Amino acid sequence: MSPKRGLEGPPPEERPTPAGRRNEQGIRIDPEVEATHEPRRTVISALVEHEPGVLAEASGLFSRRQFNIESLTVGPTTDEDRARITMVVEEPDPGIDQIKKQLRKLVPVISVRELAPDAMRRELALVKVDAERPDQVAAVADMYGAKTVDSSPETATFEVTGARQKIDAAIETFSQFGIREISRTGTTALARGTAETAGPGSATEVSSAETANQAQTYTQTQTDD
């Protein structure tokens, strides 16, 4: 009786192995993603089925893959069965492509799109400051179009809405009075004009590299964010 033989092929030491190291979760990282690329900030919009656990599933994906997510928001759309996830990421182009690729694999996700650099982006922040100098505090609030939502002899709380850089500038200016608390919503965004932000009918998306080139052109004339 002949001895049992396994499947034909090269011995283990000669078999090809996937390139790239594994992270703490044991997931192999694409060497292209780890290669030296300049990171850039961009907005990705995903249209998803409006069902429990969708946000947890998406955030779990980002955590496992160790993507650099700056903010992540979710909200309803005109269709009550669907929701929109908006995320601001800061990654090199290969990482941005991986985020979109991995999102599309999630079952509840209908479509994913990286928004153009000129997309409309807004954020809301609540800033609670010391009110020992009420006239000066009010002047700063007026400078940034902030709305007073609460006031007392000791503190004043303002609502500031706008692009990320406006929010950052307002917080920095308010800091001279002493900031007690801050709460920020994270960025939400929509494509301009008749273009769909993310949906079954969205136009074919350009690559991350092309979007990066658009961003460089756009930022030569105005602030994108």
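In this text the structure is predicted, and so the values were computed from the model without any measurement.

A.B. asks: How do you make sense of a positive patch on the surface when you look at a structure like this?
C.D. replies: On the surface, Arg64, Arg65, Lys101 and Lys105 cluster together to form a positively charged patch. Of all the secondary structure elements, the ones that give two or more residues to the positive patch are α2 (54-65) and α3 (93-105). Along the chain, Lys105 falls in helix α3.

A.B. asks: Explanation requested: the nonpolar core in the structure shown.
C.D. replies: The nonpolar side chains of soluble globular proteins are, as a tendency, buried together. Of all hydrophobic cores here, the largest spans 18 residues; its most connected members are Ile44, Val48, Phe62, Ile85, Met87, Ile99 and Leu103. Breaking this core down by element, the ones donating at least two residues are β1 (40-49), α2, β3 (82-91), α3 and β4 (109-114). Other than its neighbours up to four places away in sequence, Met87 contacts Thr42, Val43, Ile44, Ala46, Phe62, Ser71, Leu72 and Leu103. Listed in part, the 17 residues of the second largest apolar core include Ala125, Ala141, Ala146 and Phe158.

A.B. asks: What is the right way to look at the sheet that holds β3 in this model?
C.D. replies: Two orientations exist for strands paired in a sheet by backbone hydrogen bonds: parallel and antiparallel. Strand order in the open sheet formed by four strands is β2-β3-β1-β4, and the pairing between neighbours is antiparallel. Each edge of the sheet is formed by a strand with only one pairing partner; in this case those strands are β2 (69-76) and β4. Neighbour-to-neighbour, the strand axes of this sheet turn through a mean angle of 15°, independent of strand direction. The strands that α2 touches are β1, β2 and β3; relative to β2, the one it contacts most, it runs at about 165°.

A.B. asks: Even after reading the chapter, I still don't get helix α4 (residues 134-143), so can you show me in this structure?
C.D. replies: Residues spaced three or four apart along an α-helix face the same direction, because each turn holds 3.6 residues. Taken as a whole, α4 has its buried residues at Val137, Val140 and Ala141. Projected down its long axis, α4 shows its buried positions confined to an angular sector of 100°, all on one face. Residues of α4 that are exposed and point over 90 degrees away from its buried face: Asp135, Asp142 and Met143. Its buried side turned inward, α4 meets β5 (120-130), β7 (155-162) and α5 (164-174). Downstream of α4 by one or two residues, Gly145 has phi in the positive range, about 65°.

A.B. asks: Got a minute to help me understand the packing of aromatic side chains in this structure?
C.D. replies: Here the distance between the centres and the angle between the planes together describe a pair of aromatic rings. Applying the stated criterion across every chain yields a total of two aromatic pairs. Taking the centre distance of 6.5 Å and the plane angle of 70° together, the rings of Phe62 and Phe67 count as edge-to-face. Residue Phe62 is classed as buried on the basis of its relative accessible area, which comes to 4%.

A.B. asks: Hey, could you run me through the pattern of salt bridges in this one?
C.D. replies: One side chain can pair with another of opposite charge once the charged atoms of both are near each other. For the structure on display, the rule yields twelve salt bridges. With a closest N to O distance of 2.6 Å, Arg40 and Asp93 form a salt bridge. Separated by 53 residues along the polypeptide, Arg40 in strand β1 and Asp93 in helix α3 bring together distant segments of the chain. When its relative accessible area of 13% is taken as the criterion, Arg40 is described as buried. A salt bridge links Lys100 to Asp97; its shortest N-O distance comes to 3.6 Å. Residue Lys100 and its partner Asp97 are both found in helix α3; the two are separated by three residues, about one turn of the helix. For Lys100, a relative accessible area of 3% corresponds to the buried category. Taken together, the shared-partner salt bridges connect Arg40, Asp93, Asp97, Lys100 and Glu114 into one network.

Rules and cut-offs
Residues numbered from 1 in each chain as written. Predicted model: local features only at pLDDT ≥ 70, side-chain atom pairs only at ≥ 80, totals over all residues. Heavy atoms only, no water. Patch = residues over 30% accessible without salt bridge, like charges linked within 9 Å, V, L, I, M, F, W, Y side chains within 5 Å. Areas by Shrake-Rupley, 256 points an atom, 1.4 Å probe, with all protein chains shown as cover. Salt bridge = Lys/Arg side-chain N within 4 Å of Asp/Glu carboxyl O. Lys, Arg positive; Asp, Glu negative; His and termini not counted. Charge placed at Lys NZ, Arg CZ, Asp CG, Glu CD. Helix = DSSP H or I, 4+ residues; strand = E, 2+ residues; numbered from the N terminus. Core = buried A, V, L, I, M, F, W, Y, C linked by side-chain atoms within 4.5 Å. Buried < 20%, exposed > 50% of the residue type's maximum accessible area, 1.4 Å probe, protein only. Contact = heavy atoms within 4.5 Å. Pairing = 2+ DSSP bridges. Axes fitted to C-alpha atoms, helices over the stretch in contact; angles between N-to-C directions. Arc of directions from axis to C-beta. Phe/Tyr/Trp six-rings, centres within 6.5 Å; stacked < 30°, edge-to-face > 60°.

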